[in-house]
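Here is how the chains run, residue by residue.
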Amino acid sequence: MQLSVPGRATATAVVAAVSLLAGGSLADAAPAAGPTVAAAPDISVTAVKAHLTQLQSIATANGGNRAHGRAGYKASLDYVKAKLDAAGFTTTIQQFTSSGRVGYNLIADWPGGDTNKVLMAGSHLDSVTSGAGINDNGSGSAAILETALAVSRANFQPAKHLRFAWWGAEELGLVGSRYYVNSLSTANRSRISGYLNFDMIGSPNPGYFVYDDDPAIEKTFKTYFTGLGVPTEIETEGDGRSDHAPFKNAGVPVGGLFSGADYVKTAAQAAKWGGTSGRAFDRCYHSSCDTTANINDTALDRNSDAIAYAVWELSA
Ligand code: DTR
Ligand code: ZN
Ligand code: ZN
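Our focus in this paragraph is the coordination of the zinc ion (ligand 3). Geometry sets the ideal angles at a metal, namely 109.5 degrees for four tetrahedral donors and 90 or 180 degrees for six octahedral donors. Note on the zinc ion (ligand 3): its protein donors are H124 (NE2), D136 (OD), D199 (OD) and D199 (OD). The metal-donor distances range over 2.0 to 2.6 Å. Of note, the donors binding the zinc ion (ligand 3) are all from one chain and are spaced H-x11-D-x62-D. Separating the zinc ion (ligand 3) from the zinc ion (ligand 2) is a gap of 3.6 Å, bridged by D136, which donates to each. Of the two residues, H124 is situated in strand β3 (residues 114–124) and D199 in the loop between β5 (192–198) and β6 (209–210); the sequence distance between them amounts to 75 residues. The pair H124 / D199 is uniform in exposure class, with both members buried.

In structure tokens:
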């Protein structure tokens, strides 16, 4: 569900309407402020949850987890890849070894756009060994998958080149994303105009946190949530705790969204966001109870729509 969020196109329409009401003509309306950006589509939370159900089934069928080096991780990657291949993405599997086990990154390029200006969105696809990892991080993985599928359905053709990524072995220390960044030539690294990270965006006792790294990316997310009337806070659980860190360390502008992990929601936060004060944002963090029952649909929905909004806005 997406409420109206003023994008450039909406603002232009408002200006035109005011001009007509004042007895003017459309010709009097202020010209569009630069190229108008087609509004991002609403991302169906039902569709995102359907991906989570698949990831849950994969974990259940593979020893209860989707961890690095286990069958459940590769089965998760194969699921995501099949959806992207069918939707017209150019997919690449990047293989690496960590802790004596083979790991994989999945990179999906949407054909078109200026390959000298690449906007990336990424999420780690691996879980810890103790559970299915549905919030951590099926939520981010499913949300960017559905956003990528929305790009395909819309045949979105932005100025920038779009690239989506699902990282392996984040739980072992950002291994997959580090491997990817380190594998880039200096030239290719400089072509990445921004990296958006989504790791835990459906926490059951959610907060709405925006990374405070690149100001333009931060502003884009804040604009979206302001349009929803949802207050946000700066993510302060610690730099370097997810896959944006290797990109930031390489000088790439980064940003992202987070709904909270094992930190406890304060009374002030509960007053503005609802939920339960004195309880962790996700009390199943890194636990076997991180299943499809461990998701707040409203947070997942809002964050998924915010992802699409940012991809459309930042790829113009
Ligand atoms: N390290 C992530 C969870 C996590 C903890 N703090 C943050 C801050 C921003 C993003 C993610 C996180 C994990 O366990 O996968
Ligand atoms: Zn984790
Ligand atoms: Zn995570």
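For the zinc ion (ligand 2), the protein coordination sphere consists of D136 (OD), E171 (OE), E171 (OE) and H286 (NE2), at 1.9 to 2.5 Å. Taken together, the six donor atoms coordinating the zinc ion (ligand 2) and their angles of 55 to 150 degrees define a geometry best described as irregular. Sequence spacing of the donors to the zinc ion (ligand 2): D-x34-E-x114-H. Accessibility expressed as a relative area gives 3% for D136, which makes it buried. When its relative accessible area of 30% is taken as the criterion, H286 is described as partly exposed.

Among covalent bonds in proteins, the disulfide is the one between the sulfur atoms of two cysteines. What the rule picks out here adds up to one disulfide. Here C284 engages in a disulfide with C289; their sulfurs sit 2.1 Å apart. Torsion about the S-S bond of the C284 and C289 cystine: about -115 degrees, corresponding to left-handed handedness.

On to the sheet that holds strand β4 (residues 160–167), then. A sheet is described by the order of its strands in space; here eight strands give the open sequence β1-β2-β4-β3-β5-β8-β6-β7, paired in mixed fashion. Sheet topology places β1 (90–98) and β7 (233–234) at the edges, where each strand pairs with a single neighbour. Two elements, strand β2 (residues 101–110) and β4, share five bridges in a ladder whose sense is antiparallel. Across the sheet, the residue bridging to A108 is F164, located in β4. Against the sheet, helix α5 (residues 175–183) contacts β1, β2, β3 and β4, and its axis sits at roughly 110 degrees relative to β1. Where helix α7 (residues 215–228) meets the sheet, its contacts fall on β5, β6, β7 and β8 (254–258), and the angle it forms with β8 comes to roughly 35 degrees.

With that out of the way, let us pick up the packing of aromatic side chains. Inspection of every chain in the model, using the stated rule, returns 17 aromatic pairs. Plain terms: the ring middles of F198 and F221 are 5.9 Å apart, the flat faces sit at 85 degrees to each other, and that makes the pair edge-to-face. Residue F198 is located in strand β5, and its partner F221 is located in helix α7; the two are separated by 23 residues in the primary sequence. F221 carries the same exposure label as F198, and that label is buried. Taking the ring centre of Y104 as reference, the NZ or CZ of K74 above it sits at 5.5 Å. Between the NZ or CZ atom of K272 and the centre of the ring of W273, over which it lies, the distance is 5.1 Å.

For an α-helix, the turn length of 3.6 residues means that residues three or four places apart are oriented alike. Over its 14 residues, α7 runs 20 Å from end to end, which matches the ideal 20 Å to within 8%, given 1.5 Å per residue. All of the buried residues in α7 are I217, E218, T220, F221, Y224, F225 and L228. Down the axis of α7, the sector holding all buried residues measures 160 degrees, keeping them to one side. Facing away from the buried surface of α7 by more than 90 degrees, the exposed residues are P215, K219 and T226. Buried residues belonging to α7 abut β5, β6, β7, β8 and α10 (297–314). The N-cap residue of α7 is D214: its side-chain oxygen and the backbone nitrogen of A216 are 3.1 Å apart. Downstream of α7 by a residue or two, G229 has a phi angle that is positive, lying close to 75 degrees.

With that out of the way, let us pick up the site of ligand 1. Every one of the 14 residues lining ligand 1 counts as a neighbour, but D136, E170, R241, Y285 and H286 are closest to it. Between an oxygen atom of ligand 1 and a side-chain N or O atom of E171, the distance comes to 3.3 Å. Between an oxygen atom of ligand 1 and a side-chain N or O atom of H286, the distance comes to 3.0 Å. For ligand 1, whose unbound accessible area comes to 360 Å², protein coverage reaches 97%. Classifying every residue of the shell around ligand 1 gives four nonpolar, three polar and seven charged.

Looking now at unusual backbone geometry. A cis amide bond links D136 with the next residue in sequence, N137, at an omega value of 0 degrees. Among the structural elements, N137 can be located in helix α4 (residues 134–154). A positive phi is found at S99, a non-glycine position, where the angle reads about 50 degrees. Of note, S99 is situated in the loop between β1 and β2. Residue S99 is classed as exposed on the basis of its relative accessible area, which comes to 61%. If you check the backbone angles, M200 has positive phi at about 70 degrees while not being a glycine. Since its relative accessible area comes to 3%, M200 is described here as buried.

Calculation rules
- Residues numbered from 1 in each chain as written.
- Chains lettered and ligands numbered in written order.
- Predicted model: local features only at pLDDT ≥ 70, side-chain atom pairs only at ≥ 80, totals over all residues.
- Heavy atoms only, no water.
- Donors = N, O, S within 2.8 Å, 3.2 Å for Na, K, Ca; no water.
- Helix = DSSP H or I, 4+ residues; strand = E, 2+ residues; numbered from the N terminus.
- Buried < 20%, exposed > 50% of the residue type's maximum accessible area, 1.4 Å probe, protein only.
- Tetrahedral: all angles 85-135°; square planar, octahedral: opposite > 155°, others 65-115°.
- Disulfide = S-S within 2.5 Å.
- Pairing = 2+ DSSP bridges.
- Contact = heavy atoms within 4.5 Å.
- Axes fitted to C-alpha atoms, helices over the stretch in contact; angles between N-to-C directions.
- Phe/Tyr/Trp six-rings, centres within 6.5 Å; stacked < 30°, edge-to-face > 60°.
- Lys NZ or Arg CZ within 6 Å of the ring centre and 35° of its normal.
- Expected span 1.5 Å × (residues − 1).
- Arc of directions from axis to C-beta.
- Polar contact = N/O pair within 3.5 Å; in protein donor to acceptor, adjacent residues only side chain to side chain.
- Near = heavy atom within 4 Å.
- Areas by Shrake-Rupley, 256 points an atom, 1.4 Å probe, with all protein chains shown as cover.
- Nonpolar A, V, L, I, M, F, W, Y, C, P; charged D, E, K, R; others polar.

Nothing here speaks to function; it is all geometry.
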